[in-house]
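Given next are the chains, with one letter for each unit.
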Amino acid sequence: MTDSKYFTTTKKGEIFELKNELNSDKKEKKKEAVKKVIASMTVGKDVSALFPDVVNCMQTDNLELKKLVYLYLMNYAKSQPDMAIMAVNTFVKDCEDTNPLIRALAVRTMGCIRVDKITEYLCEPLRKCLKDEDPYVRKTAAVCVAKLHDINAQLVEDQGFLDQLRELLSDSNPMVVANAVAALSEISDTSPSPAAQMEMNQQTINKLLAALNECTEWGQIFILDALSNYVPKDDREAQSICERVTPRLAHSNAGVVLSAVKVLMKGMEYVGMESEFVTTLQKKLAPPLVTLLSSEPEVQYVALRNINLIVQKRPDILKHEMKVFFVKYNDPIYVKLEKLDIMIRLATQENIAQVLAELKEYATEVDVDFVRKSVRAIGRCAIKVEQAAERCVSTLLDLIQTKVNYVVQEAIVVIKDIFRKYPNKYESIISTLCENLESLDEPDARASMIWIVGEYAERIDNADELLESFLEGFHDESTQVQLQLLTAIVKLFLKKPTETQELVQQVLSLATQDSDNPDLRDRGYIYWRLLSTDPAAAKEVVLAEKPLISSETDRLEPTLLDELICYIASLASVYHKPPSAFVEGQALVVRKTQLPVRSASGEPGATGATESPVPQQAQPVQQQQSVIPSHDTAMGDLLGDLLSMDLNPPQQQMSMTPAPQQDMGGMDLLGGGLDSLLGGPSPVAGMPASQASMGGGLGDILGLGISSTTYVPPKQVWLPAPKAKGLEVSGTFSIRQNVRYMDLTLKNNAMAPMGDFAIQFNKNSFGLSPASALQVPSPLSPGQTADVTLPLGTNGPVQKMDPLMNLQVAMKNNIDVFYFSCLIPIHLLFTEDGQMGSASDRKVFLATWKDIPDSNEVQKEIANPNQLDPKGISDKLQQSFIFTIAQRNVDGRDMLYQSLKLTNGIWVLAELKIQPRSPTMTLSLKTRALDVIPQVQQAYELIIANM
Amino acid sequence: MIHSLFMINSAGDIFMEKHWKSVISRSVCDYFFEEQQKANSPEDVNPVISTPHHYLIHIYRENIYFVAVCTTEVPPLFVIEFLHRVVDTFTDYFGDGGESAIKDNYVIVYELLEEMLDNGFPLATESNILKELIKPPNILRTVVNTVTGSSNLADTLPTGQLSNVPWRRAGVKYTNNEAYFDVIEEIDAIIDKQGSTVFADIQGVIDCCVKLSGMPDLTLSFMNPRILDDVSFHPCVRFKRWEAERVLSFVPPDGNFRLISYHVGSQNMVAIPVYVKPNISFREGGGRFDVTVGPKQTMGKMVESVVITCAMPKVVLNMNLTPTQGTYTFDPVAKVLTWDVGKINPQKLPNLRGNISLQSGSPPPESNPAISVQFKIQQMAVSGLKVNRLDMYGEVSKSSPKKSFTFEKYKPFKGVKYLTKAGNFQVRT
C-alpha cells in the first residue's frame, strides 16, 4: 500500500468529505484525512478551505499528526492570517514542552508562518529558545532569527536578536555555531543596516576555526564562506588560517572543497608572493581540484568555471594536469566547452602537440557547436603559442581538406586571425583557402575570406575576379560582408589601380547610392572622397599597418579577476561577473571582499617584493552620501558648469582649441572606418590617439601660455588602478594666472573604454571646489592616458579636516564612483594680495607682528640647499605670493620680514634669518591660526628647495 | 539559500514542488524549459541558469530534473551536493529515486524534504538520523501501521544530530558483529585509434558495510599508503592521524557507507587491462564493422562482464553482425550498438563483425563512432592498493549492563574484497 491512494479520489464533494473526516472522533480517521489534505496540497490543489478543521487537529499528542498539521499551516497561514492566530497559543505552549524535539519543531514552524500579526507573538518564545539548554533547540532557533528577519527586519533589530545570534557564535556546540554563522551571513546579505553586519575579529575567527572541524559538512560551507570575508591582519595570521583550513580539501563534499579553495586562494594573497608556504599550498590545491572533475557533471561544470578563474590567477597550480581536461565523448556539452577553454589556457610549448592532437580529434565529433569551438581553439593555440603556429596552421589545413562545411568556415575565420598575428608568414596557404570560396555561406566566414583576399590582393592573381563574384549578390549579403567587400575592393584598387578601376566604381556606387545602410554609405563616401582628392593619403589610410592582435584577448581584466577570486565557489564565479552585476540589489551591501592592493600594475608576478597587505574597508555608506549628495543632482550641476566652463579660460586658448577638434573629427571618421574594417578587438583604436594628443596639446598650450610661476609639486598617484576598476588617477595642484588648478592624469588600465567622467569634492578646510566640470576626452580607451586640468574655486563648503589639508574627492565614470583623498599643498591657497601694508608703509606689519602674542611664534630651521642670497629668495617666494615687506642686515645676517594671506583670510607673518654661505636659515612664523604653521613651514622648504 | 524545489519529469510535467520559504510560482520553471529546448539531449541542460529574479540550479538524475530555486547568492556546489543528497536519500528509502517511487511515497517525500532543509538551511541529511525521524516504508510496517494505528514518525529526539559523531546512532546492538570493506577502482581512460593511451586515471573508493555494536573505533592500514595522495574522506576519518601515520582511524557510521574516495592521477602509469581492436569503415550506402576485444595487463585475473557499446552515427539504418560469443543488440532509434560479451577467454578472443547499412542517399559519416567499454575484474585493485590490517576497539558492555564500559577488542567477521571495473573507458576509432 502506498501514498498514491491519497490521490485517487476526485469525486464531487471531496472537500466536504475531508471536512467530515477531519472532524471525526476516531484518531486514525483524522490522521488519514490530514494525510489526504497534505497530498492534495503537494500537487498544488487548493485545500485552504479546510483551514479551521485542520487547525483543530493541532492539539494532539500524536507527533506525526502534529507534524502534518504544521506542514499544512506553513503552506496556508499566509492566505488565512486571521485563522492562523488561532494556532498561536498551541505554538507558545509547544515551545515550553519537555520534549526538546517538540520545542524545536514549534519554533521552526512558527518561523515559517509568514504572517506579520503572528511575528509579534513569536518574539518571547524565540528569545527563550535561543537560550534553551538543548543545543538542538538553540540551533533551530538561530535559523528562526533569519526567517524572522526575512519577514520583519526591523523587529529583529529592535528586539536585539542579532546580538543574541552573535553570542551564539561562541556557543559550545559546533552545530549551533554553524547555524548562527549561516543565519548571520544570510541576514547581512539582505540587510543594508550596519547593525546586521557580521563583525569578524580574531576571536570570532578562532571560534569559527574551532567549530569548523566538528560541524556538519553544510556548516563547514557556511563557516568557510564567512572565513573568506575576513581580512587577516598580517601574513602570519593568514598563514595560520590557511593551515587550519587545508584539511578541508580532503572532504568528500565538493561544496566544502571549493569553499576551502576560496579561503586558501584569498589567504595566499596575504602571504608573501615568493614564500615557500605559497608554493607548497599551491601543490596541495591541485589534487582536490582534479578530483572534483570525476564527480557528477553538474559539479564538474561549477568546478570548471572556477578552475578557469584559478588558472588565470595562478597558472602554476594546474600546469601539469592538462590531461584531466581532455574531453570524453559522453560529457555533457556544457562540460565539454568549459574543458576546451581551460585546455587553451593551459597550452604551452611543451604540451601543445598533445593539445593539438586532441583538438583535431574533437573537430571530427558530431556536435556542431563543439566542433566549431574546437576549430576556434586551434586558432587560439596558434596565436598563443608562437612556436606551434605552424603546426596549428597545418592542422587547420587538414581540417579544411575534410570539406565539412562548418569546419571549413570556422577554420577560415581563425586563419584570418592567424594572418593578423603573424603577417607574411603563412600566405602560401591562400590558394587552398580560395578553393573553398563557394562553400562559404556564413557571414563570418565570407567576411573573413574577403578580408584575406583584399589584404593579400597583390599575391592572388585573380583577386579581382574573386571579389567581383561576391559583388554580384551584393545586396543580399549581410552588412558585415558588404562593409568588408567595400574595403577589400578599395584595397585591391590601391594595389592594382590599372585593372580594377571599374570594379571600385561599381562597389562605391553600390555602397553609396543603392544602399540604405548608413554605415555602408558613410564608409563608401569616405573612400570615394579620399580616393578622389588624395590617392596617396588614401593609400596611407587604407593600407595602414595594423596593430597586432594580442594573444590572450579572452583573458579577464586583472581587476575583475581579482574581484572574482574573492567569489570563488559562489554564483559569481559561475557567471564570471561580480555579484553587483547580477544579484538583485535591493540593498546590496558592499562586502569587504577585496584582495590586498599590490602595486599599481596589478600584475601578480610583476611585483616580487612582499607588500604589507592593506586591509581594505569598503567606504562606509554615510560618507559616500556626504561626498555626493545624489548622483542626479551632482550630474545636473556638473552639466550646468560645463556651459560656463568655456568662459573661464583666457581668450587665447579659445582660439586654439577648435583647430585640433576639427582635425580630430576627421581622424575619427577614418579611424572608425579603418578599424571596423580590420575587425580588431577595440572599436575605437584609431580615435584615442588623436584625442590623447589633443588633450596633451591643450595641456601644453595652457602650460606655455602662462609661464608657470608658482611651484608645482610632481604628480602623485592618488587612486591606484586596482582600487578603481582599472582607472588610475594621479595629479597635483598649480596656480596659473591667479587661477588655481588641479592637474590630473587619468589612465585607463582596464580593458573597456571609460567615459562620462565627473568629479566632486567633499567639504574641506579651505572650501576648495571644482569651478567647472571635469573635461575628459571621452571615451578613454584601454591603455590611454589623458591629462586634464580642473580650475578650482575657494568658495565651497568648509569643514575643518584632519589632517588639515586633506581633500576627499569622488570621481565618477561610466563604471562606478571611486573615492580617494589627497593633500592640498598650502601654497596653493596663498593669495596675490598677501602683502601687508606696502613696501613703503611697514607700520601695519610691525603693529600686527606686535599684536600677535609671542606664544604664537614658532621657529624652525629650514634648509637653503642652493644657498640663495636674500634677493633671490625673496624673488622666488614672491612668485608664490609670499611677499617681502622689509629687509634688514643685522650682525652680518640678513633678515627678511614677510607676509602671506590664505584664501580664507588668515594672515601669516614671517621672519627669515639668512646666514650667508650657510645651508640653513631660521624661519619664525607668527599667526593667530597656529594650525597652519607646519604646512607653511613645509611650503617654505619646498619652494626654496625647488627653485 | 535554497528557496524552492521543483521536480520535473522527462515529459516536462512539474509533478512535485516544495517551498521552504514563501511560495514561488511554477512559472519560474519556464526559464528552465526555455533552456531545455536549446539542449540537444536531456543531459545537456546547463545546470546553473540565471533568470531576472531567481537562480535555477538543477541536477538530472533518474530521468528527473531536480530544479532548486534560489533568490540570493549561494554557493552553487552547496545546492548541487544537497540535491544529490536528496536523490540519494530517496534511493535509500524507496529502493530507487525515480518518478514512480516518489509519487508512491508522496507524504514521506514531503516529510523528508521538510526535515532535510529548514528555511533553506540543511537540517538533517545523514541517512541514519533521517531514518530515526522518519521510518522508511516497508510492507511489514505498513501492515502493522494500518492495524495498530502507529506511524512512520518516531517520537524521539534524533540524538545523533547533537553528538560529536552525528553519523552514528547510539545504542547499536548486533549479535553478529561484522565489518566488510570493498576496495573498488574504476579506470577512466581514453584510448586512441592506434591503441595507445591518451589519458587514464583511476577513481577508487572503499565502501564499507560495518555492523558493530556500541561505539567501535577502527583502524585500517595499508601496505602501500603512498598511492593515496589525493583523497577525500568520510567525515568520520581522523585527518590528523592520516597526516601523521597514514592510517585511517575512525568511528564508523552504522551500516553501509563510503569511507574514502581517492584518485590516482594521470602522472602515475595506469595498467590498462583490456584492448579493443576496432575496424570500422563506411562507404556509400553501407560499411564494415569488425571489433575484437582482448585482455592486456590483468595480472592473471579473468576479465568479466565485458559490455561494449557504440553510439553509431545518425545515418546508420541497421547492422547485421555475427558475434563469436555473447549477444548483441542494435537500437535503431537511439542508434546504439550494445554487445554483451561476458568473460574474455584469452585463447579465443571475442570478435563481432558484419555489415552496416546506411540510409539510402545520405553521404557516409565523416567520423567514426567512439566505443565505450565496461568490464569487471575481481580480486584485483588496478592501482595496486592493498589493505594491511584492520584493528577494532570499542566500548562494548559486558554481560551485565550495570558494569562500567570497557575497551575490548572485537572479534567480528571481517573481510576485504577488491574489484576493478571500467569507469568512463573510451576507445576512439
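Residues numbered from 1 in each chain as written. Chains lettered and ligands numbered in written order. Predicted model: local features only at pLDDT ≥ 70, side-chain atom pairs only at ≥ 80, totals over all residues. Heavy atoms only, no water.

> Pulling in residues and values, what's your account of the overall build of chain A?
A tally of regular secondary structure across chain A gives 39 helices and 13 strands. When the 947 residues of chain A are sorted by exposure, 56% land in the buried category. Relative to all contacts within chain A whose residues are 6 or more apart in sequence, the contacts with residues 24 or more apart total 67%. When the accessible surface of chain A is summed, it comes to about 39,700 Å², and 50% of that surface belongs to carbon and sulfur atoms. (Helix = DSSP H or I, 4+ residues; strand = E, 2+ residues; numbered from the N terminus. Buried < 20%, exposed > 50% of the residue type's maximum accessible area, 1.4 Å probe, protein only. Contact = heavy atoms within 4.5 Å. Areas by Shrake-Rupley, 256 points an atom, 1.4 Å probe, with all protein chains shown as cover.)

> Could you give me a rundown of the interface of chain B and chain A, with the residues and numbers involved?
One frequent convention defines the size of an interface as the accessible area lost when the parts assemble. On the side of chain A, 95 residues touch chain B, which itself brings 91 residues to the contact. Here chain B and chain A share an interface that buries about 8,100 Å² over both sides, 58% of which is from carbon and sulfur atoms. It is Glu73(B), Leu77(B) and Phe121(B) in chain B that bury the most area against chain A; as a group they hold 9% of the surface buried on that side. Scanning the region where chain B abuts chain A turns up seven salt bridges. On inspection of chain B and its partner chain A, the count reaches 22 residue pairs in polar contact (both at pLDDT 80 or more). The element contributing the most residues to the side of chain B that touches chain A is helix H2 (residues 76–94) of chain B, with eight residues. Here the side of chain B that touches chain A is built from residues that sort into 39 nonpolar, 30 polar and 22 charged. (Buried area = accessible area lost by both parts, 1.4 Å probe. Salt bridge = Lys/Arg side-chain N within 4 Å of Asp/Glu carboxyl O. Polar contact = N/O pair within 3.5 Å; in protein donor to acceptor, adjacent residues only side chain to side chain. Nonpolar A, V, L, I, M, F, W, Y, C, P; charged D, E, K, R; others polar.)

> Residue-level account of the sheet that holds strand S20 (residues 351–358) of chain B, with values.
Residue and element names in this part refer to chain B. Taken in spatial order, the four strands line up as S14-S15-S20-S17 in an open sheet, and their pairing is antiparallel. The sheet terminates laterally at strand S14 (274–283) and strand S17 (316–323), the two strands that pair on one side only. Across the sheet, the axes of successive neighbouring strands diverge by a mean angle of 15°, strand direction being ignored. Across seven bridges, S17 lies against S20 in antiparallel orientation. Bridged to Leu321 within S20 is Gly354. (Pairing = 2+ DSSP bridges. Axes fitted to C-alpha atoms, helices over the stretch in contact; angles between N-to-C directions.)

> Requested: an account of the pattern of salt bridges, with residues and values cited.
Applying the stated rule across the entire model yields 50 salt bridges over all chains. Between Asp331(A) and Lys339(A) there is a salt bridge; the shortest N-O distance is 2.9 Å. Accessibility expressed as a relative area gives 10% for Asp331(A), which makes it buried. Through salt bridges with shared partners, a single ionic network connects Arg108(A), Lys147(A), Lys18(B), Glu114(B), Glu115(B) and Asp118(B).

> Let's hear about the packing of aromatic side chains: which residues, and what values?
Here the structure, examined in full by the defined rule, presents 22 aromatic pairs over all chains. Cluster of aromatic residues (ring-pair linked, three or more members): Trp218(A), Phe222(A), Phe78(B), Phe82(B) and Phe121(B). Across from the ring centre of Phe370(A), 5.1 Å away, lies the NZ or CZ of Lys336(A), which sits over that ring. The aromatic ring of Tyr110(B) is capped on one face by Lys18(B), whose charged end is 4.8 Å from the ring centroid. (Phe/Tyr/Trp six-rings, centres within 6.5 Å; stacked < 30°, edge-to-face > 60°. Lys NZ or Arg CZ within 6 Å of the ring centre and 35° of its normal.)

> Pulling in residues and values, what's your account of the pairing of strand S4 (residues 55–61) of chain B?
Successive side chains on a regular strand alternate, one facing one side of the sheet and the next facing the other. Residue and element names in this part refer to chain B. Summarising burial for S4: seven of the seven residues are buried, a large majority. Burial of S4 is two-sided: the residues Tyr55, Ile57, Ile59 and Arg61 facing one way and the residues Leu56, His58 and Tyr60 facing the other way are all buried. Relative to S4, strand S3 (residues 48–50) is paired through three bridges, and the arrangement is antiparallel. Among the inter-strand pairings, Ser50 is bridged to a residue of S4, identified as Tyr55. Here S4 runs beside strand S5 (residues 64–70); their pairing, made up of seven bridges, is antiparallel. Paired with Tyr60 across the strands is Tyr65, a residue of S5. Connecting S4 to the next strand, S5, in antiparallel fashion are two residues, including Glu62 with a positive phi near 55°.

> Could you give an account of the environment of Tyr106(B), with specific residues and numbers?
Residues and elements named next belong to chain B. Along the chain, the position of Tyr106 falls in helix H4 (residues 106–116). Given the relative accessible area of 3%, Tyr106 is considered buried. With 90 residues separating them along the chain, Tyr106 and Met16 place their C-alpha atoms 8.7 Å apart.

> Go over the environment of Leu293(A), please, and point to the residues and values.
Residues and elements named next belong to chain A. With respect to the element layout, Leu293 can be found in the loop between helix H16 (276–292) and helix H17 (297–313). With a relative accessible area of 11%, Leu293 lands in the buried category. Taking C-alpha positions, Leu293 is 7.7 Å from Val324, a pair spaced 31 residues apart along the chain. Residues in contact with Leu293, not counting those within four places in the same chain, are Gln300, Ala303, Leu304, Ile307, Val324 and Phe325.

> With reference to specific residues and values, describe the pairing of strand S16 (residues 303–311) of chain B.
Residue and element names in this part refer to chain B. With seven of its nine residues buried, S16 lies for the most part within the structure. Sheet topology note: the S16/strand S21 (residues 371–378) ladder contains six bridges and is antiparallel. If you follow Cys310 over to S21, its bridge partner there is Ile371. Sheet topology places S16 next to strand S19 (residues 336–342); six bridges connect them, and they run antiparallel. Along S19, the bridge assignment pairs Thr309 with Thr338.

> Provide a residue-level description of the packing of helix H15 (residues 254–270) of chain A against H17(A), including the pertinent values.
Helix packing geometry: the angle between the two helix axes and the distance between the axes. Residue and element names in this part refer to chain A. Interhelical geometry of H15 versus H17 gives an angle of 10° and a closest axis separation of 11 Å. It follows that H15 is roughly parallel to H17 by the angle criterion. Residues Ala254, Leu258, Val261, Met265 and Glu269 of H15 touch H17, and the partners they reach there are Val299, Val302, Asn306, Ile310 and Lys313. Looking at the contact of H15 with H17 residue by residue, the class counts come to seven nonpolar, one polar and two charged. (Parallel < 35°, antiparallel > 145°, perpendicular 65-115°, else oblique.)

> Can you tell me about the sheet that holds strand S1 (residues 716–719) of chain A, naming the residues and giving the values?
All names here are of chain A. The strand order across the open sheet built from five strands is S1-S2-S3-S6-S5, with neighbouring strands paired in antiparallel fashion. Of all the strands in the sheet, just S1 and strand S5 (769–770) have a single pairing partner and so form its edges. As paired elements, S1 and strand S2 (residues 727–736) share three bridges and run antiparallel to each other. Within the sheet, the bridge partner assigned to Leu719 lies in S2 and is Val729.

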